[in-house]
Amino acid sequence: MNIHSKLPKTETSIFAVMSGLANEYNAINLSQGFPNFEVSRELIGLINKQMLAGKNQYAPMPGVLELRQALSAKIHKLYGKNINPDTQITITAGATQALFTAITAFVDQGDEAIIFEPAYDSYDPAIKLNGGIPKYISLSSPDFKIDWDEVKNTITDKTKLLIFNTPNNPGGFVFDKEDMQRLAEITRDTDIVVISDEVYEHIIFDGLQHQSAILFDELFNRTIAVYSFGKTFHATGWKMGYVVAPENLMIEFRKVHQFNVFCVNTPIQYALAEYLQNEQNYLTLPDFYQQKRDFFVNAIQDSRLKAIPSKGTYFQLLDYSAVSDMPEFDFAVWMTKEKGLASIPVSSFYHDKKNQQILRFAFPKEEETLLKAAAILNNI
Ligand SMILES: Cc1ncc(COP(=O)(O)O)c(C=O)c1O
């Protein structure tokens, strides 16, 4: 039988490759971005309670109303905006499903979609599976500054979508107010839909304020903002997230969502609705992760691998140009096999595998693990 692959160039994901190598060589695994500490016992207890109370059947298609109301209240508290829980919030199976659904809802055959690289790995295939054509804006280490004139020049009458991510995985950079204003300006008078990937909304450091698209009225009118409970509550395995969008975009999003998953995990939705009542459960996150970032960066002060400032997310980039001129993938494999520490080559976040001699290390780990990793880095 002849199989026609819709994604002929897709290989095993770099995360599976590096985690597989880490297991094989018994290396410390700072490649994949998942926490190695426990989810709140209270939250697990709340889920258990909801399951025992019989909340085990299909949820409403847009999500459990109590959770949408809790999110609307949270958005009002954080960003001072009124978001209608009935028409402007939908609960999804993590951010990845939300992204796929949003891209499918708005990208048609031959449409162009702008993405900034380094980029989360699902954007590009999701665009292609819908017949779209990705247009890449390549940002460079160490500051990953966006040239908005380049973005403006990339827009054509075929541009249908633009996706960005702040705080950024893997770059650790954030969009500032001016970036958001420029984006609003250059999309003005177009029909471009914007996807704002804000899964690290609560992981931002040094007193910086997250510039959510929700804060910018004109921009928000064309935006689907995407969030992940996995990142916020250290539970990446639950695959729970949500989107916030103006009603006219949400109508289209839900048309796809209902045939994609229809609805997502019911007891977890009820439990999250209750857990969100205590704002400390998410407001403490910047300090929690900043401490981890500082701990890790301090521990590798003496390393020849140099830290590129991380302003958000739980990733730290290290520049190894003083150590080797090997390309990133080869160096990451060498370090895993020979030194016992796994990371992710940043080149895998670029379609052309742009090489800058930087690796991404995930630091949502216990201090003991970070210290072991630092000892290795200090000896390279
Ligand atoms: C930028 C970005 N977007 C989306 C996701 C996916 O989130 P989820 O696990 O909720 O699907 C991730 C996960 O690593 C991410 O880093």
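Bear in mind the structure is a predicted one, so any value in this text is a computation, not a measurement. (Residues numbered from 1 in each chain as written. Predicted model: local features only at pLDDT ≥ 70, side-chain atom pairs only at ≥ 80, totals over all residues. Heavy atoms only, no water.)

Student: Which parts of the structure should I look at to understand helix α1 (residues 14-24)?
Tutor: Residues spaced three or four apart along an α-helix face the same direction, because each turn holds 3.6 residues. Of all the positions in α1, only Ile14, Phe15, Met18, Ser19, Leu21 and Ala22 are classed as buried. All buried residues of α1 lie within an arc of 160° about the axis, which places them on one face of the element. Of the exposed residues in α1, those oriented more than 90 degrees away from the buried face are Asn23 and Glu24. Here the buried face of α1 lies against β1 (28-29), α14 (328-339), β11 (341-342), β12 (344-345) and β13 (358-362). The positive-phi residue at the C-terminal boundary of α1 is asparagine 26, with phi of around 55°. (Buried < 20%, exposed > 50% of the residue type's maximum accessible area, 1.4 Å probe, protein only. Helix = DSSP H or I, 4+ residues; strand = E, 2+ residues; numbered from the N terminus. Arc of directions from axis to C-beta. Contact = heavy atoms within 4.5 Å.)

Student: How should the sheet that holds strand β10 (residues 315-319) be read in this particular structure?
Tutor: Backbone-to-backbone hydrogen bonds pair the strands of a sheet. The strands run either parallel or antiparallel. One open sheet holds the four strands; their spatial order is β9-β10-β13-β12, and the pairing between them is antiparallel. The sheet is open, and its two borders are formed by β9 (306-308) and β12, each paired with just one other strand. Bridging between β10 and β13 involves five bridges; their strand directions are antiparallel. Among the inter-strand pairings, leucine 318 is bridged to a residue of β13, identified as leucine 359. (Pairing = 2+ DSSP bridges.)

Student: When you look at the domain arrangement of the protein in this model, what are you seeing that I'm missing?
Tutor: The domains assigned to the protein are domain 1 (14-32 + 284-377) and domain 2 (41-281). Look at where the C-alpha atoms of domain 1 and domain 2 centre, and you get two points 26 Å apart. Counting residues at the interface gives 26 residues for domain 1, matched by 31 residues for domain 2. Across the interface of domain 1 and domain 2, roughly 2500 Å² is buried in total on both sides, 58% from carbon and sulfur atoms. Run the count over domain 1 and domain 2 and you get one salt bridge. Applying the counting criterion to the domain 1 and domain 2 interface returns 15 residue pairs in polar contact (both at pLDDT 80 or more). Every element with two or more residues in the side of domain 1 that touches domain 2 is listed here: α13 (285-299), β10 and β13. (Domains from an automatic or database assignment. Buried area = accessible area lost by both parts, 1.4 Å probe. Salt bridge = Lys/Arg side-chain N within 4 Å of Asp/Glu carboxyl O. Polar contact = N/O pair within 3.5 Å; in protein donor to acceptor, adjacent residues only side chain to side chain.)

Student: What's the story with the pairing of strand β3 (residues 112-117) in this structure? I'm lost.
Tutor: Both faces of the sheet carry side chains from a regular strand, because those side chains alternate between them. The buried fraction of β3 is high, at six of six residues. Residues Glu112, Ile114 and Phe116 point to one face of β3 and Ala113, Ile115 and Glu117 to the other, with burial holding for every one of them. Chirality of the crossover, the property in question, places the unit of β3, helix α5 (residues 123-129) and strand β4 (residues 133-138) among those that are right-handed. By the bridge criterion, four bridges tie β3 to strand β5 (residues 159-165) in an arrangement that is parallel. Note on β5: the bridge partner recorded for alanine 113 is leucine 161. (Right-handed = clockwise from strand over helix to strand, strands pointing away.)

Student: How should the packing of aromatic side chains be read in this particular structure?
Tutor: Each aromatic ring pair is summarised here by two numbers: the centre-to-centre distance and the angle between the ring planes. For the structure on display, the rule yields 22 aromatic pairs. Between phenylalanine 116 and phenylalanine 175 the ring centres are 6.2 Å apart and the planes differ by 85°, which places this aromatic pair in the edge-to-face class. One end of the pair, phenylalanine 116, is in strand β3; the other, phenylalanine 175, is in the loop between β5 and α7 (177-187), with 59 residues separating them in the sequence. Looking at phenylalanine 116, the relative accessible area reads 6%, which means it is buried. Phenylalanine 175 sits in the buried class, given a relative accessible area of 3%. Ring centres of phenylalanine 233 and tyrosine 275 lie 5.1 Å apart, and the angle between their planes is 80°; on these two criteria the pair is classed as edge-to-face. (Phe/Tyr/Trp six-rings, centres within 6.5 Å; stacked < 30°, edge-to-face > 60°.)

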